[in-house]
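# Descriptive structure summary
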Amino acid sequence: MALTREQMNLLLRLGLPTDFQNLTDEQYFAVGDKVSEEMLLHGLNEAGDGLNEYGELCRSVIVSLPDD
């Protein structure tokens, strides 16, 4: 699955790789951990019961990570 421009910009801002094809295990977990942390710190809506737009972007990156 190709990343959107917004997803790539998020990864670049966080200093993370944007090519998921040949990630090492360390890189894979770093992407998941950092984006999950971002989502928890900045991605919750004001009520705290769902995601805001930034949180949805973070979630979409996590979902884009390969499963294998």
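The coordinates are above.
Here is a short report on the structure shown in this document. All residue numbers refer to position in the chain's written sequence, counted from 1. Given that the model is predicted, a residue must reach a pLDDT of at least 70 before its local features are reported, and side-chain atom pairs must reach 80 or more before they are shown or counted; all residues, however, enter totals for whole chains, interfaces and linings. Computation of side-chain values covers all heavy atoms of the structure but excludes hydrogens and water.

## A short note on the packing of aromatic side chains
- Side-chain rings of Phe, Tyr and Trp (the six-membered ring for Trp) are treated as a pair once their centres are within 6.5 Å; stacked means planes under 30 degrees apart, edge-to-face means over 60, and tilted covers the remaining angles. Tallied over the entire structure, the rule returns one aromatic pair.
- Considering the side-chain rings of Tyr-28 and Phe-29, the 5.4 Å spacing of their centres and the 85° angle between planes classify their relative orientation as edge-to-face.

## With respect to the nonpolar core
- Working definition of a nonpolar core: buried Ala, Val, Leu, Ile, Met, Phe, Trp, Tyr and Cys residues. They are joined through side-chain atoms within 4.5 Å. Buried means the residue's accessible area, taken with a 1.4 Å probe over protein chains only, is under 20% of the maximum for its type, while exposed means over 50%, and partly exposed covers the values in between. Counting 14 residues, the largest nonpolar core has Leu-10, Leu-11, Leu-16, Phe-20, Val-31, Val-35 and Val-61 as the members making the most contacts within it.
- Looking at this core, the elements with two or more residues in it are helix 1 (5-13), helix 2 (25-42) and helix 3 (53-64).
- Leaving out residues up to four positions away in the same chain, Leu-10 has contacts with Tyr-54, Leu-57, Cys-58 and Val-61. Under the DSSP-based scheme used, a helix requires at least four consecutive residues in state H or I and a strand at least two consecutive residues in state E, with every element numbered from the N terminus. Residue contacts are defined here by distance: any two heavy atoms, one from each residue, within 4.5 Å place the two residues in contact.

By themselves, these are just geometric observations and shouldn't be taken as functional.
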